[in-house]
Each structure stands twice: as structure tokens, then as C-alpha cells.
Amino acid sequence: MDLTDTDVTGKPASRARRPAKIEPGVPTSAPSAPPPVTSSPLATPTLTAGVASVTHLTEKLSEYMTAADLKKVKEAYRFSDEMHLGQVRKSGEPYISHPIAVAEICADWKLDAQAIMAALLHDVMEDQDVKKDELIERFGAPVANLVDGLSKLEKIEFQSQIEAQAENFRKMLLAMASDVRVILIKLADRLHNMRTLDVMTPAKKRRIASETMEVYVPIAHRLGLNNIYRELQEISFSHLYPLRYHVLAKAVKAARGNRREVVKKILESVKNTLAMAEIEAEVYGREKTLYGIYKKMRSKHLSFSQVLDVYGFRVVVDSFPNCYVALGTLHSLYKPMPGKFKDYIAIRKLNGYQSLHTTLIGPYGTPVEFQIRTQEMHRTAESGVAAHWLYKTGDINLSDMQQRTHAWLQSLLDIQQQTGDSAEFLEHVKVDLFPDSVYVFTPKSKIIALPRGATPIDFAYAIHTGIGDHTVSVTINGEPSTLRSELRNGDIVEIVTDASSRPSPSWLSFVRTGKARSAIRHHLRTINLPESIALGRQLLAQALSTVNVDPNLPGPLAERLLNESSAKSMDELYADIGIGKRMAALVARHIFGLLGGESAAAPVDHNSAAELDPVTICGSEGVSVQLAQCCLPIPGDGIIGQLRRDQGLQVHTLDCSLAKRQRQKEPERWIAVKWGADINRRFDSRIKLLINNEKGILARVAAEIGESDGNITFVGMDEDKEHVLHQLRFTIQVKDRVHLAGLMRNVRRVAGVNRILRERS
């Protein structure tokens, strides 16, 4: 994904200044833009892109702006027109048509003068090298800050295109956290670019559509901008899968005529029934978008006819109580389907959406879905956070939605403070942009909304970072549960904390929220920093030895390395290697290149781990070195290490089946390790016994383990169907492989024990 060419332009304009007319015409050579892809009657009306005129924009703004504000907007337009003079889009249109179109979309939301000015100026810093100071002087700091938040970074050196793209997103999202108008303008910008995407090459269409679907669509949904959300989704689908899009479009068009009779009958029945109940309501059909149909077919393995057999209607009533009255009236007209009722009014969605959802059995036995809401709920559902500017009524529902949005934007700042780099920040934010949510309760009945699949650890960090860091156990609905349990709607969750407890690296394998993930990684980086630095220094020294470079780097070389690696100090570089964020072999190769050797970009032999001097471990290094739970290595076992991103070094036995599979996928992350000579601690190991079902057998086995100097930390038992033999499972602490072998020999001699073996997952 790339952010550098979505506003596809021709050659940059000269900055020669000239008086600009308010309504410039279209050059005779400029072709008309291709028609946009739309399929839903709910989509935002498409703007005409072929005429670079502000007449339509001025008419829209005159409806709600003062003459003074309108004058400021015209000044911003003149400046933007002057800066983009001579610049054209790929379609051949004058480039100024794009900022005008973006401003028109923002005007539909009734955004204020500063936002409209920023929309008109949003590309002058990036394309025409206008400095922020000049914008501050001409239009004021608020407008300049908005434009700066919308502008990509200056052309600075990045290690990769992915890093540059991630940093651009980070800048935009942090600017949005300070002022939500940034993302509203950015979404309007992206929407117009997507509407005029047909002039691009197929490869760029797919890449830009993929980026839109992955980032901008979830953000639009998260902010409740459903019109934008649906249209961006639809256009992206048409460019990602053009054949599937056209096949579905043709099928929907053919099916629409066959559905007309059923839709008409349902509409008449519903309107008459609501009128008899004296409920004022607007009732109309809801057509599914093509992407919605495609997604449902894929996720639920349904045929096209099965998806189209469900009819959707929306009922907009005049008051809050009538939502529930209308629900009862509809349930008396058609029978409801069990388990298909959702009350999003009492418990609204994360983005502020409110409606009653119910599915009924309509005429001819066809399922009919209804959404019931008030006019205010409907405005919020369609315009989301932008309704704050559309309807400044002080309605409590809207203010609550604003609070939810503010809480999410604040969480972006929290994640940024705990995140090491832009790619990691973007990773955390993407995790948080899940449309599906679960709603759980604290013991004091406060509702906490979390992404589907969230765990008690996510819940703890959602309440407060300090609670998450010190979590030790959890009870769900009064019953003790594991920390990796998946939370469900309506669960009452109580977290048990301990001041001495610390986050575990294993939590990263099951947490779902960006806040939890970033807080855990931040803790692992800071609390275990000395361990990570020591391990990273050892790994880099090992890697440098393979290219015959002294690990004691001279000052000038170290400084040059830091400048090119974006690390602030050698300790930070060592820590990054120690936690698996950077690969020691690649850093060593880069150092070799700086010394005038082979190119740092040369391929690295990932199968040479066995030839390197092994890293020595003793098993007590702390969180930076972990013993894998799948195979529980102990001294005496042949071992190998895996560098896991932000989790340090994980040690497996050489014969671990899980390690063998993962080595085939990421061979570059595996290094040779060996046990140290002086190890003074005990290690967990699992054994499994097949025993006779006899009285006292468990006591005899446990006593023998104790006599053999083993410490039992866990006991489990499985019985067979005949109740003759049992399987006993123990987790025991031993010194090394020799100690374990002697203990197993002694236990094997116990009467009633038929077989004993060391257990591996």
C-alpha cells in the first residue's frame, strides 16, 4: 500500500502567481471524468467532477455560513487555485476540481469555515511546497494545523515504502485525535479519489482499493459515517474484484423485478398496521449493497438466491417510545424469528449507532428484517460524528456519541505514547477497528464495549492500564475463568490484581485490542530493558563474528549506523535485537556494508544458524528468554531459539514438532542456543502415566516423585470408558534431563504403573 499517488496528478504546477477568477472554466482539452461506481440508493450523491467551478459549493455554504465566513472560504479558494495553476489530474481535469469536490462533500456535513478552507488547501503543502508558516500568516493557525495533519510527510529517508506509509498514517491519525475534522476531510478526499479511480492502471486501482478497504472503510465505520462507509466499500469492491462485482450487479438487476410484488405487499401491510396504531412513521425498503451481498455469501456460505430472499425495511418514527410501540405492532403483524432481536437503543454500538433490529416471517414465508429508529437516531446512523456539526441541538444521544468518539481518539494518543514505531502503531490501530463488538459489564454494572474475541486482559486494560499490568486472575459471571477466555455479550467481569504481578509475553498471543497490545509491549520493552540489551548485544556480536567484524564498533561507525537505523542509541538498537524487533544477521550485514564490504542488501543465508556460535542461556534470564510451553525444554535437551517480535528469545527442543513447522515458515528468526555450564534452578517438565484403577495409586506415585526430589506443580487425570485404566498427568520441577530420567525410572517401579513417558504437546 502506498499513499503517494492516490491524488494522481500531472506535472507539478509552476508557482507563478496570477489573479484567479472565482469560477474558472474547463480547458477545452479536458475530458469528462468517468462516471463513478455506485449501486446503492443510500450512497452519497456523486459530485460532478468535470467543471472546476465553485458555484455549487458557494450555494451549499450560503445555506449555513455567514457572509464573513464565506469571504474567508473564497480567499482560500483563490489561493488554492493560484497554487495549483497548470496542474492537472490524470483525467485531464484542472487539479483545482479535486479540492472543490472535497470541500463540497464536507459542505454536505455542514462543516465549519476552517474545515472547508482546509479542504480547499489540503494539497498545497504537499504538491506545491507551501510552508506551514505561510498558511498561518494567511489563514490562521487552526486552518494551517488541519492542512498539516492532512499533508504527507516531507520527502525524508525511510528504510522501506511500508515504513513511509505507516508513518503517514500515524501522522494523520494523531492529527485526527487532536481534531476530528482532519479525518472527516481525509475521508472526503479519499471518497472523491475513489470516485475518479477509473483513470488509473489496474494494478494501482487494486492497491488503492485495498488500502481503502483496509484502513479508511473501518475508520468511516468507527466514526459512524455510514454513507461514506458503504460507498467506499462498494467502489473498493468494484476495483478489487471487477468480475464478481459485475456478475452480482447484473444478478441484482434481474432479481429486482421479481421482488417488486413482495416488497409492495409488505410496505402496504406495515404502513396500514402502523397507521391503525396511530404511529407516525416513514417506511421504506433497504437495498443491500453489492459488497454486503458478496460478504454474506462468503461468510455464511449462502447462494445468491438465499441472500436475496431476505427483505430489508427501515421504519423511522417520531419519538423514542414509539420505537418500542412500533416493534410490538410489527410483531403482531408478522411472527418474529427467535433469537433475531437486537436492542441497539438500550445498548448502542461503539460508533453511536442506535436502532431496534428484528427479523419477522413475512408473506410467503420469507424473512423480513426491520430497523426501527427515530429521526435523530437516523441522522446519527447516516452521518455519525459529522452529525455534531449538522445538528447542534445538545441532544443527549449525540453528546454521548461524541464522548465515545473522544474516548477512542484519546486511546490513539495512549497507544502512540507506548508504541515504538509507526508500523507498530498502525498495527495496533488496525486491530482496534473491528466493526463487531461485545458488551460486557463491570461488577458495578458499567458497560464496557470491546471488539469481538476480546479477553479479560483486554477488559482490564480498557478500564485502566494499571489494572491490566497487575492482573492475576478473573471471574466471569461469578465463576473463575482463564485470562484467555473469550468474552461474550452480557458477561459480568471482575479482575483480580496483585501489585507484584507483571504482564506476561504470552498475553500478546490472545489479546485483541490495540490498547492492551501496545501497553504489554511497552511494559516488556521498558521493565526488561537491561535483559533485552544484554541479549541483543550477545546476538549482534555472534552475527558480526560470521562476517569477521569486531563487535566493538568505533564511534563514527556506530553514529552512522544509528542515523541509518532510526535508533536513538546503541542500547536501543541492542534492545530491539533482543526483543526480536530487528534481526541481528541483517544489522551485521548492514554494518559490513558500511565498512565497505558486500552490499547490505545482499541476501542472508538463513540456514546457517547451526554454523554460528550458539547463544548460551541458563533459563533464568527473565522475560527476554522464555522456555516454550509446547515442549518445556530442560538442561540436557538439544535446543534451538526463535526470535519472536517484541517477545524476545523463545527456546524450543530440537525435536519439537511446532518448532519444526515454524522454522520452515520463518527460517531467518531461528538461532543456535546452548545450555550454560552452571545452572542453579529447576525447570518444569510434563510426564504422563498409564495406571491401574487401584486404591492409593495416586498417593504412591506422588510419594515416589517426592522421594526422587521432584516437586509436583500440577496433577490431572483422564479415565477410559471401561474405568480400568487411568491416565495421570503431572507437571513436575526437575534439575535437568538426567534428574528427570532417574525420577521416571523410580516411578515406573511403583505397583500399578503400567507405562510412563515424558509428554510433549
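As a starting point, this report considers the structure included with it. Quick caveat: nothing in here was measured; it's all calculated off a predicted structure.

## Comments concerning the overall build of the protein chain
Here is step 1 of the chain: When helices and strands are tallied, the protein chain shows 29 helices and 20 strands.
Here is step 2 of the chain: Within the span of the protein chain, comprising 761 residues, buried residues form 51% of the whole.
Here is step 3 of the chain: Nonlocal contacts in the protein chain, meaning residues at least 24 apart in sequence, comprise 70% of its contacts between residues at least 6 apart.
Here is step 4 of the chain: When the accessible surface of the protein chain is split by element, carbon and sulfur atoms take 52% of a total near 35300 Å².

## Concerning a positive patch on the surface
Here is step 1 of the chain: Together, Lys300, Lys340, Lys342 and Arg452 give the surface a local cluster of positive charge.
Here is step 2 of the chain: Examined against the element boundaries, Lys340 turns out to sit in the loop between strand E3 (335-336) and strand E4 (342-343).

## Some points on the state of the cysteines
Here is step 1 of the chain: Within the structure shown, the criterion is met by 0 disulfides.
Here is step 2 of the chain: The cysteine Cys656 is free of any disulfide, with Cys630 supplying the nearest cysteine sulfur at 3.5 Å.
Here is step 3 of the chain: What makes Cys656 buried here is its relative accessible area of 4%.

## Thoughts on the packing of helix H9 (residues 181-195) against helix H10 (residues 202-222)
Here is step 1 of the chain: Where H9 contacts H10, the two axes come as close as 11 Å, and the packing angle between them is 145°. Relative to H10, the crossing made by H9 is left-handed. Contact residues: H9 offers Ile183, Lys186, Leu187, Arg190 and Met194, while H10 offers Ile208, Ala209, Glu211, Thr212, Tyr216, Ile219 and Ala220.

## Considering the pattern of salt bridges
Here is step 1 of the chain: Counted by the stated rule, this structure contains 16 salt bridges.
Here is step 2 of the chain: For Arg195, the salt bridge identified is with Glu231, shortest N-O distance 2.9 Å. Highlighted residues: Arg195 in helix H9 and Glu231 in helix H11 (residues 226-240), separated in sequence by 36 residues.
Here is step 3 of the chain: For Arg195, a relative accessible area of 4% gives the class buried.
Here is step 4 of the chain: Taking relative accessible area as the criterion, Glu231 reaches 2% and is therefore assigned buried.
Here is step 5 of the chain: The partner of Arg758 in a salt bridge is Asp637, with the nearest N and O atoms 2.8 Å apart. Of the two residues, Arg758 sits in strand E20 (residues 753-758) while Asp637 sits in the loop between strand E13 (625-627) and strand E14 (639-644), which places them 121 residues apart along the sequence.
Here is step 6 of the chain: A single salt-bridge network, built from bridges that share partners, covers Lys60, Glu104 and Asp108.

## Topic: the side chain of Asp637
Here is step 1 of the chain: Overall, Asp637 belongs to the buried group, its relative accessible area being 5%.
Here is step 2 of the chain: Once you skip the residues sitting within four places of it in the chain, Asp637 turns out to touch Leu632, Thr653, Trp675, Arg737 and Arg758.

## A look at the nonpolar core
Here is step 1 of the chain: Judged by nonpolar contacts, the single largest core of 71 residues is most densely connected at Ile116, Leu121 and Leu135.
Here is step 2 of the chain: Other than its neighbours up to four places away in sequence, Leu121 contacts Ala76, Phe79, Ser80, Leu135, Phe139, Val143 and Val147.
Here is step 3 of the chain: Membership of the second largest hydrophobic core comes to 55 residues, among which are Leu557, Ala588, Ile634 and Ile691.

## Structural notes on the packing of aromatic side chains
Here is step 1 of the chain: Across all of its chains, the model carries 11 aromatic pairs by this definition.
Here is step 2 of the chain: Residues Phe79 and Phe139 carry aromatic rings whose centres are separated by 5.6 Å and whose planes lie at 70° to one another, so their mutual orientation is edge-to-face. With a gap of 60 residues between them, Phe79 in helix H2 (residues 67-83) and Phe139 in helix H6 (residues 132-139) connect regions that are remote in the sequence.
Here is step 3 of the chain: Exposure remark for Phe79: the relative accessible area of 2% places this residue in the buried category.
Here is step 4 of the chain: Under the relative-accessibility criterion, Phe139 is labelled buried at 12%.
Here is step 5 of the chain: Relative to Tyr294, the ring of Tyr241 has its centre 5.9 Å away and its plane inclined at 40°; by these criteria the two rings are tilted. Pair noted here: Tyr241 is in the loop between H11 and helix H12 (242-276) and Tyr294 is in helix H13 (residues 290-300), with a separation of 53 residues, a long-range link.
Here is step 6 of the chain: By the ring-pair criterion, three or more aromatic residues cluster together here, those being Phe237, Tyr241, Tyr245, Tyr291 and Tyr294.

## Things to note about a nonpolar patch on the surface
Here is step 1 of the chain: A surface patch of nonpolar side chains, amounting to about 240 Å² of accessible area, comprises Leu698, Val715 and Met717.
Here is step 2 of the chain: Within the secondary structure layout, Leu698 lies in helix H28 (residues 697-707).
Here is step 3 of the chain: The class for Leu698 is partly exposed, based on a relative accessible area of 37%.

## Section: helix H23 (residues 529-545)
Here is step 1 of the chain: Helix length check: H23 (17 residues) gives 24 Å between terminal C-alpha atoms against 24 Å at 1.5 Å per residue, within 8%.
Here is step 2 of the chain: Buried residues of H23: Ser532, Ile533, Leu535, Gly536, Leu539, Leu540, Gln542, Ala543 and Leu544, and no others.

## A few points about unusual backbone geometry
Here is step 1 of the chain: Within the chain, Lys110 stands out as a residue other than glycine whose phi angle is a positive 60°.
Here is step 2 of the chain: With respect to the element layout, Lys110 can be found in the loop between helix H3 (97-108) and helix H4 (113-121).
Here is step 3 of the chain: Residue Lys110 is classed as partly exposed on the basis of its relative accessible area, which comes to 25%.
Here is step 4 of the chain: Positive phi is not limited to glycine here, since His301 has a value of about 55°.
Here is step 5 of the chain: Here His301 is to be found in the loop between H13 and helix H14 (304-308).
Here is step 6 of the chain: Residue class for His301 comes out exposed when judged on its relative accessible area of 71%.

Reading the values: the criteria
Counting of residues starts from 1 at the beginning of each chain's written sequence and follows it residue by residue. Whole-chain, interface and lining totals are the exception, using all residues; otherwise, since this is a predicted model, local features are given only for residues with pLDDT of at least 70 and side-chain atom pairs are given and counted only at 80 or more. Side-chain calculation: all heavy atoms of the structure are included, whereas hydrogens and water are not. Only runs of H or I of at least four residues qualify as helices and only runs of E of at least two qualify as strands under DSSP, and these elements are numbered from the N terminus. Buried, partly exposed and exposed residues are distinguished by accessible area as a fraction of the type maximum, computed with a 1.4 Å probe on protein chains only: under 20%, between the cut-offs, and over 50%, respectively. Contact definition: two residues touch when any of their heavy atoms are within 4.5 Å. Note on areas: Shrake-Rupley, 1.4 Å probe, and residue coverage restricted to the protein chains presented here. Patches draw on residues past 30% relative accessible area with no salt bridge. Two like charges within 9 Å are joined, as are two nonpolar side chains (Val, Leu, Ile, Met, Phe, Trp, Tyr) within 5 Å. Salt bridges are defined by distance alone: a side-chain nitrogen of Lys or Arg within 4 Å of a carboxyl oxygen of Asp or Glu. His is not counted, nor are the chain ends; Lys and Arg add positive charge and Asp and Glu add negative charge. The atom standing in for a charge is NZ when the residue is Lys, CZ when it is Arg, CG when it is Asp and CD when it is Glu. The term disulfide is used for any two cysteine sulfur atoms that are within 2.5 Å. Fitted lines through C-alpha atoms give the axes, limited to the stretch in contact for helices. The angle between two N-to-C directions lies from 0 to 180 degrees. Take the far helix as the reference: if the near one is turned anticlockwise from it by less than a right angle, the crossing is left-handed, and if turned clockwise, right-handed. Among buried residues, those of type Ala, Val, Leu, Ile, Met, Phe, Trp, Tyr and Cys that are joined through side-chain atoms within 4.5 Å constitute a nonpolar core. Centres within 6.5 Å are what make two rings of Phe, Tyr or Trp a pair, Trp counting through its six-membered ring; a difference in plane orientation under 30 degrees is then read as stacked, over 60 as edge-to-face, and the rest as tilted. Each residue after the first adds 1.5 Å to the expected span of a helix.

Everything listed is a geometric property; what it means functionally is a separate question.
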